[in-house]
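Results of the structural survey
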Amino acid sequence: MSDPLDQQCINTLRFLSVDMVQKADSGHPGLPLGAAPMAYVLWTRHLKHNPRNPHWLDRDRFVLSAGHGSALLYSLLFVTGYDLSLDDIRQFRQWGSKAPGHPERGHTPGVEVTTGPLGQGMANAVGMAMAEAQLAARYNREGHAPVDHRTWAIVSDGDLMEGVTSEAASLAGHLQLGKLTCLYDDNYVTLSAGTDITFSEDRAARFEAYGWHTVTVADGNDLAAIDAALQAARAETARPSLILVRTHLGYGSPEQDSFKAHGSALGVEDVRKTKRTLGWPTEPDFLVPDEALAQFRQAVDRGAHDEAAWNERMNTYAETFAELSREFESRSRGELPPGWDADIPVFPADVKGMATRVAGGKVMNAIAPRLPALTGGSADLDPSTKTALKGLGDFNPPPPQGEDEQGSEGGGWSYAGRNLHFGVREHAMGAVINGFAAHGGFIPYGSTFLIFSDYMRPPMRLAALMSLHVVYVFTHDSIALGEDGPTHQPVEQLAGLRAVPNLTVIRPCDANETAVAWRVALESLDRPVALVLTRQDLPTLDRRRYAPADGLRSGAYILSEAPGGKPALILIATGSEVSLILQAAERLQGEGVAVRCVSMPSWELFDALPQAERDAVLPPSVHARLSVELGATQGWRRYVGDRGDVLGVERFGASAPAEVLLREYGFTVDNVCARARALLDGDGVQKS
């Protein structure tokens, strides 16, 4: 590093980070010491951003996938002028700090996504690059480019080891995402040892096989080589780029190249030694030389200039393409356009009915033409999950001239296509749609069978943590899917989903509840929503006889009432079991039992109601309550009480026709009635 100012700026980043970790006595100093040069070159020479407006739509997206190196990101945000003060970073990892242990979206200005679980950030970056490509394909016109930005990430050995990265990188290479660049902090060390004991493959060859452009930088301190590699990545338009930068974990410290520098503070004496080795004053801590700060703060004027120029271009764009401009601006604000729900069907009563997955597909296709932000797909299952958007094209690079451009849904292949094809990659699907949502301008969805939601638990949890507006469409929701057997039959998945804070789970009972569920999902701007749908047909209830399906908005509602509104027994069910309790209620009422039936499609929506409204549905004075659901019973006691009963599935499923399974597992009118009678006898309730 021949330029003294460059050296000073890089060491500023290094030692702000080291001092943060040392003051907290907690954190990861190794990555910032080794990766600061590549971060410096990227942030000062290539990254398009406006520190005073972190939400500018056409900014480049930067993801620190190696979230344990958060101190480096906070140093970058502070010195370039984001709303993060020196006092804030002095409180690194402390209660209430704007500099938490790993980056958190919505908590620290300038942090695009919450990272920490390795691999997630890189897969999020793939989603962001896909989002940019789809927006550009829809809105850019010759001579007018309202969407023209790049996605950058810093990734680690651990990121590249995680399976989600393999899934996402394979997809990115196939999709030819030329505006995606990942800087790989190739330091040969993980938290517990050197990579030689676990990770000896040729990473460049691996990514080339995925269809990536790769560049190797032999010395992580060679700024000219890093800059040249980034320039080469910018010039490569048909492939994503991986820049393998050979760095040294804990560079300059006594523990350089040792796992001991990875996840613990260096210690007071080793901090002093490191500063002396790299020519940095040992006092004071958190030193930011004026010259270095001035160099970094050029980002403020540069960002303001770039955004102002973009605003001028947008004014011209609005004059030339008024309708497109209005749509683009509405999407950027996260708004639902007027009339988005005008074509949602109302399904007529039908004893045979339809599967809620089928109803969901009809609702989606009624909404999609009026809601351009809706985009998504499945993990190779859209014929079964019914989630294809007909006639709206497939997201894929256009094929070579002369080859078939029809696309699977008749809308052609292009980046404007709104059907995303993830292949058999549930984990990547979850992380990629998080990237779409975090990018902005989209309401993304991902679909698979409920049993395979287990493969995407980490990104679902992160979506809830980030309050991202994503929709999960989970079909084949119980043992009633039948012959495929226990490997494909969900039992504990509903309970697991309901345990995630800030995730709304909705299991509708028929086609009309499904339509309302989609409305709720699209209106839930501050959280992810999981729709849990059946494979088998369900009766479409006659809403003249039963309460309107809009009751779903309350999470639980009285579907049918006891005479005089005074129930002796309350039957509660979700999804496909609602029609079962209605049949049981008819029999019990014929025996003189006053029965209330409650459809309870969403615990989360119900729990959000005031206590008085919940008590109106489940009166505390009625102790005879029976819940009926084709899943694990965990959590149901809170609704049925200690004197109630739960009918569920407490063992794995089996391979058999659905009607046989339902009989063998006790989901019959006879068994529901028997369990209900036992409750009534125990409560001393007399028939009328």
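Criteria and cut-off values
- Residues numbered from 1 in each chain as written.
- Predicted model: local features only at pLDDT ≥ 70, side-chain atom pairs only at ≥ 80, totals over all residues.
- Heavy atoms only, no water.
- UniProt positions renumbered as here; feature names shortened; annotations may be inferred.
- Helix = DSSP H or I, 4+ residues; strand = E, 2+ residues; numbered from the N terminus.
- Rg over C-alpha atoms; globule rule 2.2 N^0.38 Å.
- Buried < 20%, exposed > 50% of the residue type's maximum accessible area, 1.4 Å probe, protein only.
- Contact = heavy atoms within 4.5 Å.
- Areas by Shrake-Rupley, 256 points an atom, 1.4 Å probe, with all protein chains shown as cover.
- Lys, Arg positive; Asp, Glu negative; His and termini not counted.
- Charge placed at Lys NZ, Arg CZ, Asp CG, Glu CD.
- Domains from an automatic or database assignment.
- Pairing = 2+ DSSP bridges.
- Salt bridge = Lys/Arg side-chain N within 4 Å of Asp/Glu carboxyl O.
- Axes fitted to C-alpha atoms, helices over the stretch in contact; angles between N-to-C directions.
- Phe/Tyr/Trp six-rings, centres within 6.5 Å; stacked < 30°, edge-to-face > 60°.
- Lys NZ or Arg CZ within 6 Å of the ring centre and 35° of its normal.

For the protein chain, the name recorded in an unreviewed UniProt entry is Transketolase, with Rhodoferax sediminis as its organism. Annotation of the protein chain in UniProt includes, under Sequence similarities (unreviewed entry), the sentence "Belongs to the transketolase family." One UniProt comment on the protein chain, placed under Function (unreviewed entry), says "Catalyzes the transfer of a two-carbon ketol group from a ketose donor to an aldose acceptor, via a covalent intermediate with the cofactor thiamine pyrophosphate."

Summing up its helical and strand segments, the protein chain has 24 helices and 20 strands in all. Computed over C-alpha atoms, the radius of gyration of the protein chain comes to 28 Å, within 12% of the 26 Å expected from 2.2 N^0.38 for 688 residues, which places it in the range of a compact globule. Over its C-alpha atoms, taken along the principal directions, the protein chain stretches across nearly 95 × 60 × 45 Å. The 688 residues of the protein chain split such that 61% are buried. Sequence-distant contacts in the protein chain: of pairs separated by 6 or more residues, those separated by 24 or more amount to 76%. With an accessible surface of roughly 25,700 Å², the protein chain has 49% of that area assigned to carbon and sulfur atoms. The average position of the 63 basic charges and that of the 85 acidic charges among the side chains of the protein chain differ by 5 Å.

Our next topic: the domain arrangement of the protein chain. Splitting the protein chain by domain gives domain 1 (4-304), domain 2 (350-540) and domain 3 (550-683). Spacing between the C-alpha centres of domain 1 and domain 3 amounts to 52 Å.

Turning to the pairing of strand β19 (residues 625-628), a few remarks are in order. Side chains Arg625 and Ser627 of β19 all project onto a buried face; the interleaved residues Leu626 and Val628 project onto the opposite face, where all are buried too. As paired elements, strand β17 (residues 569-573) and β19 share 4 bridges and run parallel to each other. Residue pairing across strands places Leu571 opposite Leu626, the latter belonging to β19. Note: β19 against strand β20 (residues 645-647), 3 bridges, orientation parallel. When the bridges of β20 are listed, Leu626 appears paired with Asp645.

Moving on to the pattern of salt bridges. A side chain of one charge can pair with a side chain of the opposite charge if their charged atoms are brought near each other. Using the criterion set out here, one finds 32 salt bridges in the structure. Across the salt bridge formed by Glu561 and Arg596, the nearest N and O atoms sit 2.7 Å from each other. You can see Glu561 sitting in the loop between β16 (557-560) and β17 and its partner Arg596 sitting in strand β18 (residues 595-599), a full 35 residues away along the chain. Two residues, Glu664 and Arg663, come together in a salt bridge whose shortest N-O distance is 3.4 Å. Residues joined in a network through salt bridges with shared partners are Asp19, Lys275 and Asp285.

Taken in spatial order, the 5 strands line up as β1-β2-β3-β5-β4 in an open sheet, and their pairing is parallel. The open sheet has two edge strands with one neighbour each: β1 (61-64) and β4 (213-217). Recorded for the sheet is a direction-independent mean angle of 15° between the axes of neighbouring strands. Relative to strand β5 (residues 241-246), β4 runs parallel, the two being bridged by 5 bridges. Note that in β5 the partner of His213 across the bridge is Ser241.

Below, the discussion takes up the packing of aromatic side chains. Going through the model one piece at a time under the given rule, you end up with 19 aromatic pairs. On the numbers, 5.4 Å between centres and 80° between planes, the contact of Trp43 with Phe62 is edge-to-face. With Trp43 in helix α2 (residues 30-45) and Phe62 in strand β1, this pair connects stretches of sequence that are 19 residues apart. For Phe62, a relative accessible area of 9% translates into the label buried. Between the NZ or CZ atom of Arg297 and the centre of the ring of Phe78, over which it lies, the distance is 5.5 Å. The cationic tip of Arg651 hangs over the ring face of Tyr665; the distance from NZ or CZ to the ring centre is 4.2 Å.

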